[in-house]
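# Architecture and fold: a report
The lines below spell out each chain.
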Amino acid sequence: LLAPGSKPEDFITTVTPQINITHSGSRIRGSLFGAGLVTKYLNNPSRDFVGYNVGGQMDLTAVANQMSQRITSLSVRGTYTSTPSTTGFGAAGGGLGTGFGSTSGGALETGQVTNRASRQIYTLGVGGGYQLTGVTTLSGDYNYSKVSFGEQGAQSGGVNIPLFNTTGHQGSTTISTQISARDTVGATATMSHFIQEDSSGSRGSGSFTTITESLNWSRLWTQQLNTS
């Protein structure tokens, strides 16, 4: 699978600079981060690449409490990742608080991946909670995500595999009621809808939806032991 002129052995150097900024005010709390990913190959310099990952989140609960004290939480978040690397590199899912240069499979496994295509990941999310009664809380969360690739011809390594741009909408609601000093019961409903389209435009598009419902029960047995 190696392209002509590639060497089967290499020494890989990865540098991952990152900066984190946190603000904690009386009304708004939040954080921003920016990370870079610089990878250099000693024997195959044509495989060198640079990527970046930025994101942030804000806790707006204090602002929302000015409208209603029943609002228990309100937050927004978002990330953007751009990299020509494979899934061996980069923050998992583009999430907050994850190491941008993570190589969960190890440098050896990552070095064996010969195909590469430009990849961009966007995520936007909002979540909140509302106190319905003294013992019942309703919470909800919505997350938008989009993964897009470059043109099929932009793949490296002489390989042209199908790549599917994917847009995802995921939402969930949870209602919880404390029925005793130790027991809390409730239910969660989650819907995920994904739209996929071949990045080359030759294979059309498709979509699928998954729905999950669950009943929840948590119990505090002691100060050290909790089951759910």
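Figured I'd write up the structure that's included with this text.

Reading the values: rules and limits
Residues numbered from 1 in each chain as written. Predicted model: local features only at pLDDT ≥ 70, side-chain atom pairs only at ≥ 80, totals over all residues. Heavy atoms only, no water. Phe/Tyr/Trp six-rings, centres within 6.5 Å; stacked < 30°, edge-to-face > 60°. Helix = DSSP H or I, 4+ residues; strand = E, 2+ residues; numbered from the N terminus. Salt bridge = Lys/Arg side-chain N within 4 Å of Asp/Glu carboxyl O. Buried < 20%, exposed > 50% of the residue type's maximum accessible area, 1.4 Å probe, protein only. Pairing = 2+ DSSP bridges. Contact = heavy atoms within 4.5 Å.

This brings us to the packing of aromatic side chains. Applying the stated criterion across every chain, the model contains three aromatic pairs. Between Tyr52 and Tyr80, the ring centres sit 5.9 Å apart and the planes meet at 50°, which makes this aromatic pair tilted. Of this pair, Tyr52 sits in strand E4 (residues 49–59) while Tyr80 sits in strand E5 (residues 71–83), and the two are 28 residues apart along the sequence. With 5.0 Å between their ring centres and 45° between their planes, Tyr80 and Tyr122 make a pair best called tilted.

A separate point is the pattern of salt bridges. In this structure the tally under the stated criterion is four salt bridges. Among the salt bridges present, the one from Asp141 reaches Arg77, with a minimum N-O distance of 3.0 Å. Here Asp141 is found in strand E7 (residues 136–149), whereas its partner Arg77 is found in strand E5, with 64 residues between them in sequence. The class for Asp141 is partly exposed, based on a relative accessible area of 29%. The partner of Arg219 in a salt bridge is Asp183, with the nearest N and O atoms 2.5 Å apart.

The next thing to look at is the pairing of strand E10 (residues 205–220). Alignment of strand E9 (residues 183–198) against E10, held across 15 bridges, turns out to be antiparallel. By the bridge assignment for E10, Ala187 is matched with Leu215. In this sheet, strand E11 (residues 226–227) lies alongside E10 in antiparallel orientation, the contact comprising two bridges. By the bridge assignment for E11, Leu220 is matched with Asn226.

Our next topic: the environment of Thr173. In this fold, Thr173 is placed in strand E8 (residues 164–178). Distance in space between the C-alpha atoms of Thr173 and Ser139 is 5.6 Å, their sequence separation being 34 residues. In this view, Thr173 contacts Ser139, Gly140, Ala187, Thr188 and Ala189; residues no more than four positions away in its chain are not counted.

The next point concerns the environment of Ser176. Inspection of the secondary structure puts Ser176 in strand E8. We classify Ser176 as partly exposed; its relative accessible area is 25%.

Here we come to the pairing of E4. Relative to E4, strand E3 (residues 29–41) runs antiparallel, the two sharing eleven bridges. Counted as the bridge partner of Leu32 is Gly56 from E4. Judged from the eight bridges that link them, E4 and E5 form a sheet pairing that is antiparallel. Directly across from Met58, in E5, lies its bridge partner Val76.

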